[in-house]
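Chain by chain, the residues run as shown.
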Protein chains: 2
Amino acid sequence: MLSKKIYIEVAPPRLEDNRADYERLLAALPDHRVTGVPLDLLRRLPGILRAAGWRVTVTLGRTNGGWMLQAVEPGDSAGRQFGLAVDAGTTTISASVVDLVAGRVLASAVGENAQAGEGEDILTRLHAAGEPGGVSRLRTVLMNSVNRVAGEAANAAGVAAQEITAVAVGANTTMTHFLLGADPAWICREPYIPAVNSPGVQSAGSMGLAVNPEAVVYCIPGVGSYFGGDAVAGILVSGLHRQEEVSLFVDIGTNGEMVVGNREWLVAAAGAAGPAFENGVVRQGMRAGPGAVERVWIDPRTHRAAYTVMGGGKPRGLCGSAVVDVLAGMLLSGIIDRGGHFCDGREAFVVVPGSEAEYGEDVVITRQDIKNFLRTKGAVNAAVETLLSAVGINTGEIRNFYAAGAFGEHLDVEAAVTLGLYPDLPRERIRLLGNTSLEGARRALLSEDKRRELEEIRRRVTYLELNVSTEFMARFTGSRFFPHTDISLYPSVAKKLRAAGLL
Amino acid sequence: MLSKKIYIEVAPPRLEDNRADYERLLAALPDHRVTGVPLDLLRRLPGILRAAGWRVTVTLGRTNGGWMLQAVEPGDSAGRQFGLAVDAGTTTISASVVDLVAGRVLASAVGENAQAGEGEDILTRLHAAGEPGGVSRLRTVLMNSVNRVAGEAANAAGVAAQEITAVAVGANTTMTHFLLGADPAWICREPYIPAVNSPGVQSAGSMGLAVNPEAVVYCIPGVGSYFGGDAVAGILVSGLHRQEEVSLFVDIGTNGEMVVGNREWLVAAAGAAGPAFENGVVRQGMRAGPGAVERVWIDPRTHRAAYTVMGGGKPRGLCGSAVVDVLAGMLLSGIIDRGGHFCDGREAFVVVPGSEAEYGEDVVITRQDIKNFLRTKGAVNAAVETLLSAVGINTGEIRNFYAAGAFGEHLDVEAAVTLGLYPDLPRERIRLLGNTSLEGARRALLSEDKRRELEEIRRRVTYLELNVSTEFMARFTGSRFFPHTDISLYPSVAKKLRAAGLL
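Cut-offs used in this document
- Numbers given for residues are sequential positions, taken from 1 along each chain in its written order.
- Throughout, the order in which chains and ligands are written sets their labels, letters from A for the former and numbers from 1 for the latter.
- Residue-level local features of this predicted model are given only where pLDDT is at least 70; pairs of side-chain atoms are given and counted only at 80 or more, and the full residue set underlies all totals for whole chains, interfaces and linings.
- Only hydrogens and water are set aside; all other atoms, that is, all heavy atoms of the structure, feed into the side-chain values.
- Whether two residues touch is decided by their heavy atoms; if any such pair falls within 4.5 Å, the residues are in contact.
- Values labelled buried area give the accessible surface lost by two parts on being combined, using a 1.4 Å probe and summing over both.
- Definition used for salt bridges: Asp or Glu carboxyl oxygen within 4 Å of a side-chain nitrogen of Lys or Arg.
- Least squares is used to superpose the copies, and the fit set is the C-alpha atoms of residues whose pLDDT is at least 70 in both copies.
- Two strands qualify as a pair provided DSSP detects at least 2 bridges between them.
- In DSSP terms, a helix is any run of H or I states spanning at least four residues, a strand is any run of E spanning at least two, and both are numbered starting from the N terminus.
- Orientation is described by axes fitted as lines to C-alpha atoms, over the contacting stretch for helices, and by angles from 0 to 180 degrees between their N-to-C directions.
- For the domains described, the bounds stem from an automatic or database domain assignment.
- Counted as a polar contact is a pair of N or O atoms within 3.5 Å, where, for protein atoms, one must be capable of donating a hydrogen and the other of accepting one, and residues adjacent in sequence contribute only when both atoms are in side chains.
- Burial classification: accessible surface area is computed with a 1.4 Å probe over protein chains only, and a residue below 20% of its type maximum counts as buried, one above 50% as exposed, and the rest as partly exposed.
- Note on ring pairs: Phe, Tyr and Trp rings are taken, using the six-membered ring of Trp, and paired if centres are within 6.5 Å. Classes follow the plane angle, with under 30 degrees stacked, over 60 edge-to-face and the rest tilted.
- Over a ring means this: the NZ of a Lys or the CZ of an Arg is within 6 Å of the ring centre and within 35 degrees of the ring normal.

1. Considerations on the interface of chain A and chain B
Interface size, as often reported, equals the accessible area lost upon joining of the parts.
Reasoning step 1: Facing the 43 residues of chain A at the interface are 45 residues of chain B.
Reasoning step 2: Summed over both partners, the interface of chain A with chain B buries about 3600 Å², with 59% contributed by carbon and sulfur atoms.
Reasoning step 3: The largest share of the area that chain A buries against chain B comes from L15(A), L39(A) and R43(A), three residues that together contribute 17% of it.
Reasoning step 4: Put simply, chain A and chain B have zero salt bridges between them.

Right under this line is the structure:
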């Protein structure tokens, strides 16, 4: 564990055993190399030990070289040990409070990264960071967002901020820089160099995280400027790095990261995905939550849409899974063609009529929404194809396709394959993993082995720079079709289109 | 070294070598296990490296588990590396600025410990620390004194406070507690337990030391409440812990610490010495410095005193060596008897007539001064004898007698033996070591081996508690004679007294 509590009964001092309090305490912790103690705790130690009658619970935090003493409390409180797992995304922040004894998530919360007010994509924020005081301002905005979401999760879990003594963070390299306050100026300039990939452990107090100030904060190590700790966490959760056969992992949020490989080799690529699937890809898109249309079915004869709403109230907008359902339904019903154009020349498709909607306005998918979606999907396709081509693997040779992030949390697999978001593999080989950055952070909280494995993954990954790849640009331009320019890559979709008389 | 600078040329980044700045820097330091970096330095690292054209001087500080990055500066400044050695005494604070490259002291300064305003002895200060806010107040007073003396030494050395990246401190256990701000409440209560004996390394910034805030501060480890790091340093400097024959080390400041032993065993004792030899033992006493009477000779026939003054001006008072000269001269001239009484019934002896003195007043030694001196000397004698008796060693079996502190810096060996301050050993076996706490701190700054040796000494010492020894009290009561109740222990003094017709 990144932080752990141990109940100990310290031998009370006698004339014949007059070791000092601190050495006496350490002697009761024989299996731990304690390399540090906060001065403030050392100062109060004699009073704590005596008031507790020498029966105390010690909290130890993992440092880069051993353990540090984080707290000494009277009595046995070893049953209450809490950590925080954080996924600090460009658009969305997720946090889970984890019971470190049971290893399970007690409560989670999700919220916006308020940095979005400075610009939706990474490049805009890197630019803003270059202004005087920019890094510090963006750090504060991000930390406030993280603290708000973490506070919500802690409230829901019934855990006090002070009780959280370990934090593990999955984030892309730019967000990790903002969390640390490290200068990200060279991330977006050739040759694309981060200040740090593997920051080790820092204290929550020094970072401004609103948990126990002595909490150890572990940032999952990244590979480089565009393949961060969140993606390394994804590989860990997928397990593809331990398998004999070659698999593909794709995590699409505001950016897209992907990796292909097996237990012998790992090659990764990344790129800005275009508008986020999470909530930016369509005008009336929204994050999954109350009021979001979640599932949509289009009647191929009437072209009417049936839908379900999260929380059961009136629909407010479309979450990612609904957009995928609508677009796939429109394609298979002949409402749009494979290029994304409306076959009857209209400008929008009504998913929810205004009479049924929360705000009284039609909830629609417009021509522009479809173009945005195609651009994002095209970027992902192009990146995956460039990556596979670079390692000489065909899609069909992929054992498992792992989808993470907004790209893979609640999507209907059939619809996603129909649109070409997912490859046309036997369905049992398509694995939806949810938020692997958050799950990787949870595992890092609980296990030193997992932290070692993350570091090992980071070292094993070979990163393919797509920013300088002409092949990527060529594929990107040619990939804005449903499911793909080359329909032979999607036999199951071709079969459906043919059955509907559309191919 | 506790802190060291290394000039490195970091490989500039390329597309084919896009490691992050921090990892790139660490790769250029292959022989050092770097376990930490201050967040503030990590934040600025990309700018520093690029402005310096990837040629930088790295400062590393020893931590409890490895090295921490303290600073990164442009260009090659490895020739300028500075440390601070401090002896934080109950009465006097000494500091030396040390050139860590050459290993030598550049400048030193001495000043008062302003805590004396709260009480001259340790017990009064421990009592004051028990009041609300007491520890914090006493810590601030001590730290201000240390900072003033350190600042003077740095000024004299031409070194900026920011350039000092390592500090080693020799201090008794109570002073170490005050420096750390650790609660010393249980030091003076049976069974006499310190908060900490071996505090390892803390940062200067957290302690409030006015040097580089990232400087590593090493407190020489102590054995227990009354045998601190200053005395452990004394053993190191004496070298008795490595010798085959048995030797005795005595350090008398405001307190007295002593140790007897050899390379196989070490037994120590300590006790409050009574009024400090440094400046408190006589009414007109003062610390060695300009205006202090340093050497005194008494004509056995005329009973007039001749003297030398430090700095050559008019005399202001008597430093410790003058007091010892005067008392020994008075004894051998028959002005006082072995019990310290004036033979002719007078109340004081004039060392410097008012007409020659700076303040126009006679500089005298009074009956009360002699009583104070005898009490202090008696306490030291009693402690040494109890210690030797406990280990079954006679004074004559002592190979070397090492005298440290005010007790041993400038004293005339013959006079000190005459008064019974030093044992009556062949004179070449009496070694005056000066301020061994400061010298031990200097060595700790320069060598990891010495720090390991200090830790080893600390572990090897068996401490004999005199506070609960009835033997000590009996000896103390019987030991207020010059040179000793049992004159047979001092044959050379007996011979002199006999020659003068006084025995």
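2. Describing the relation of the copies chain A and chain B
Reasoning step 1: For these two chains of identical sequence, chain A goes onto chain B by a turn of 180° and a shift of 0.0 Å along the axis, with RMSD 0.1 Å. Within this description, the copies of the chain are treated as partners about a two-fold rotation axis. Among all C-alpha atoms of chain A, that of G65(A) lies closest to the rotation axis, at 2.6 Å.
Reasoning step 2: Comparing contact sets, 100% of the residues at the interface of chain A also lie at the interface in chain B, consistent with an isologous, same-surface contact.

3. Considerations on the sheet that holds strand β7 (residues 104–112) of chain B
All names here are of chain B.
Reasoning step 1: Reading across from one edge, β7-β6-β5-β8-β10-β9 is the order of the six strands in this open sheet, with mixed pairing throughout. With one partner strand each, in any of the chains shown, β7 and β9 (201–203) form the two edges of the open sheet. Pairwise comparison of adjacent strand axes, ignoring direction, gives a mean angle of 20° for this sheet.
Reasoning step 2: Relative to strand β8 (residues 164–171), strand β5 (residues 82–88) is paired through seven bridges, and the arrangement is parallel.

4. Notes on unusual backbone geometry
Reasoning step 1: Between F482(A) and P483(A) the backbone carries a cis peptide bond, its omega angle lying at -20°.
Reasoning step 2: Summarising the element assignment, P483(A) is placed in the loop between α13 (470–477) and α14 (491–499).

5. Details of the domain arrangement of chain A
All names here are of chain A.
Reasoning step 1: Domain annotation of chain A identifies domain 1 (3–74), domain 2 (82–219) and domain 3 (238–503).
Reasoning step 2: Domain 1 and domain 2 are separated by 30 Å when their C-alpha centres are compared.
Reasoning step 3: Each partner contributes residues to the interface: domain 1 has eight residues there, and domain 2 has eight residues.
Reasoning step 4: Of the roughly 660 Å² buried at the junction of domain 1 and domain 2 (both faces included), carbon and sulfur atoms supply 52%.
Reasoning step 5: Among the residues domain 1 hides against domain 2, the three largest losses belong to S3, N64 and Q70. Together they make up 60% of the total.
Reasoning step 6: Taken together, domain 1 and domain 2 are joined by zero salt bridges.
Reasoning step 7: Here domain 1 and domain 2 share four residue pairs in polar contact (both at pLDDT 80 or more) between them.

6. As for the pairing of strand β3 (residues 55–62) of chain A
All names here are of chain A.
Reasoning step 1: Among the eight residues in β3, seven count as buried, and that is most of the element.
Reasoning step 2: Here seven bridges tie strand β1 (residues 3–9) to β3, and the two strands are oriented antiparallel to one another. Directly across from K4, in β3, lies its bridge partner L60.
Reasoning step 3: Pairing of β3 with strand β4 (residues 67–74), which is carried by seven bridges, proceeds in the antiparallel orientation. Looking at the pairing, T59 lines up with A71 of β4.
Reasoning step 4: Between the antiparallel neighbours β3 and β4 lie four residues.

7. Thoughts on the packing of aromatic side chains
Reasoning step 1: With the rule as written, the count across this model stands at 10 aromatic pairs over all chains.
Reasoning step 2: Each ring, one from F472(B) and one from F476(B), has its centre 5.9 Å from the other, and the planes form 15°; the classification is stacked. Taken together, the positions of F472(B) and F476(B), both in helix α13 (residues 470–478) and four residues apart, correspond to about one turn of that helix. In terms of burial, F472(B) and F476(B) fall into one category: buried.
Reasoning step 3: In this structure, R189(A) packs its charged tip against the face of W186(A), placed 5.7 Å from the ring centre.
Reasoning step 4: Sitting over the face of the ring of F476(A), R480(A) holds its NZ or CZ atom 4.8 Å from the ring centroid.

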